[in-house]
Amino acid sequence: MDAALATALGVIGSAVVAGAAAMYGSRISGRAQREGNAVTGFNSLTDQLQEERKELRADLAALRLELATERAETARLKLLVRTLGGTP
C-alpha cells in the first residue's frame with residue numbers, strides 16, 4: 001500500500017465519520033428543537049389556563065354575590081308577606 005492509497009482511504013474514512021457525526025448531530029438537534037417546541041407549547045397552554053381560571057374565579061364571585069342578593073330579596077319579600085298576614 002503506497003502513500004496515495006493510504007491518504008485516499010484516510011480521506012474516505014474521515015468523510016464517513018464526518019457524515020455519521022453530521023447525521024447524529026442533526027438527530028440530536030431535531031430532538032432538542034422538538035422538545036423545546038413542546039415546552040414552549042406547554043408554557044403557552046399553562047398561561048392560557050391560568051388566565052381562564054382567573055376569569056372563572058371572577059365570574060364565580062359575581063354569581064355568588066348575585067345569589068346572595070337574590071336570597072336576601074327573597075327573605076325580605078317573605079317577611080313582607082308574613083307582615084301583611086299571608087303565608088309565603
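Right, let's walk through the structure included here. (Residues numbered from 1 in each chain as written. Predicted model: local features only at pLDDT ≥ 70, side-chain atom pairs only at ≥ 80, totals over all residues. Heavy atoms only, no water.)

What about the overall build of the protein?
Okay, so step 1: On a plain count of helices and strands, the protein comes out with 1 helix and 0 strands.
Okay, so step 2: Relative to its full complement of 88 residues, the protein shows a buried share of 0%.
Okay, so step 3: Accessible surface for the protein amounts to roughly 7800 Å². Of this, 63% is attributable to carbon and sulfur atoms. (Helix = DSSP H or I, 4+ residues; strand = E, 2+ residues; numbered from the N terminus. Buried < 20%, exposed > 50% of the residue type's maximum accessible area, 1.4 Å probe, protein only. Areas by Shrake-Rupley, 256 points an atom, 1.4 Å probe, with all protein chains shown as cover.)

Some remarks on a negative patch on the surface
Okay, so step 1: There is a patch of like negative charges on the surface, built from Asp47, Glu51, Glu52, Glu55 and Asp59.
Okay, so step 2: Structurally, Asp59 is set in helix H1 (residues 3-83).
Okay, so step 3: By relative accessible area, Asp59 is classed as partly exposed at 45%. (Patch = residues over 30% accessible without salt bridge, like charges linked within 9 Å, V, L, I, M, F, W, Y side chains within 5 Å. Salt bridge = Lys/Arg side-chain N within 4 Å of Asp/Glu carboxyl O. Lys, Arg positive; Asp, Glu negative; His and termini not counted. Charge placed at Lys NZ, Arg CZ, Asp CG, Glu CD.)

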